[in-house]
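Chain by chain, the residues run as shown.
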Amino acid sequence: MVNPQGEGSDAFEKDEPYGGQQYPPYQDPNTSYQNPQYGQPQYPGPQYGQPQYGQPQYGRAPYVGAGFRPAPATNTLAIVSLVLAVLGLTFVPLIASVCAVVCGHVAKGQIKRNGEGGSGFATAGLIVGYVSIALFVLVVGAIFIFAIAASNSSTY
């Protein structure tokens, strides 16, 4: 017979299966167990008192999993830049647009330096501010050109 454990091992050559482990004799599960001395088996009661692992440690909570990291605060100048850019398109054309561009550039610098949020607001304020300034220049230029053309034309 070939021994799977290698040469010289005699665990399978004995009459005892599974390497010589001893098991208690079989008992019929249909018979109820009764302690002949007391009638019912006695189990130790619950142990109360001080835990065996020592005093609890206070301080940080244990690591539970992927932690929740709150979003960084949004830069205020980025929001102001976007609001001024929208005002530059509607109510106060040139002044609000220039202020939006200035606030947008300052906000971008603060966001890079401090790691705050609001980069999208600052970018949107810059784009809308520049577009508003460009539209203002085009409209004023068109009005100026039409005024010159109208003054040079004769009605005769």
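Parameters at a glance
- Residues numbered from 1 in each chain as written.
- Predicted model: local features only at pLDDT ≥ 70, side-chain atom pairs only at ≥ 80, totals over all residues.
- Heavy atoms only, no water.
- Helix = DSSP H or I, 4+ residues; strand = E, 2+ residues; numbered from the N terminus.
- Polar contact = N/O pair within 3.5 Å; in protein donor to acceptor, adjacent residues only side chain to side chain.
- Contact = heavy atoms within 4.5 Å.
- Disulfide = S-S within 2.5 Å.
- Buried < 20%, exposed > 50% of the residue type's maximum accessible area, 1.4 Å probe, protein only.
- Core = buried A, V, L, I, M, F, W, Y, C linked by side-chain atoms within 4.5 Å.
- Axes fitted to C-alpha atoms, helices over the stretch in contact; angles between N-to-C directions.
- Parallel < 35°, antiparallel > 145°, perpendicular 65-115°, else oblique.
- Left-handed = near helix turned anticlockwise from the far one by under 90°.

A. Representation of the side chain of S81. Locating S81 in the fold gives a position in helix α1 (residues 76-90). For S81, the side chain forms a polar contact with the main-chain nitrogen of G104, separated by 3.4 Å. In this structure, S81 is in contact with A100, C103, G104, A122, G125 and L126, ignoring residues within four places of it in sequence.

B. Seen up close, the state of the cysteines. What the rule picks out here adds up to zero disulfides. Unpaired in terms of disulfides, C99 finds its nearest cysteine sulfur in C103, a separation of 6.4 Å. Assessed through its relative accessible area of 36%, C99 is described here as partly exposed.

C. Representation of the nonpolar core within the structure. Listed in full, the five residues of the largest apolar core are L84, A85, A96, A100 and C103. Secondary structure elements with two or more residues in this core: α1 and α2 (93-114). Here this core gets three residues from one element, more than from any other, and that element is α2. Not counting residues within four places of it along the chain, the set of residues in contact with A100 comprises S81, L84, A85 and G125.

D. Local environment of the packing of α1 against α2. In contact at an axis separation of 7 Å, α1 and α2 are set at 160° when each is read in the N-to-C sense. By the angle class used here, α1 and α2 are roughly antiparallel. Both α1 and α2 take part in a crossing whose hand is left-handed. Judged by residue contacts, L77, A78, V80, S81, L84, A85, L87 and G88 of α1 engage P93, A96, S97, C99, A100, C103, G104, V106, A107, Q110 and I111 from α2.

E. The packing of α2 against helix α3 (residues 119-152), seen in detail. As a packed pair, α2 and α3 sit with axes 8 Å apart at the nearest point and diverge in direction by 150°. Taken as axis vectors, α2 and α3 run roughly antiparallel relative to one another. α2 and α3 meet at a crossing whose hand is left-handed. For the pair formed by α2 and α3, the contact residues are P93, L94, S97, V98, A100, V101, G104, H105, A107, K108 and I111 on the first element and S119, A122, T123, G125, L126, G129, Y130, S132, I133 and F136 on the second.

F. Region of the structure containing the side chain of S132. Mapped onto the secondary structure, S132 falls in helix α3. We classify S132 as buried; its relative accessible area is 4%. If we skip the residues at most four places from it in the chain, S132 touches G88, L89, P93 and S97.

Bear in mind that shape data such as this cannot, by itself, settle questions of function.
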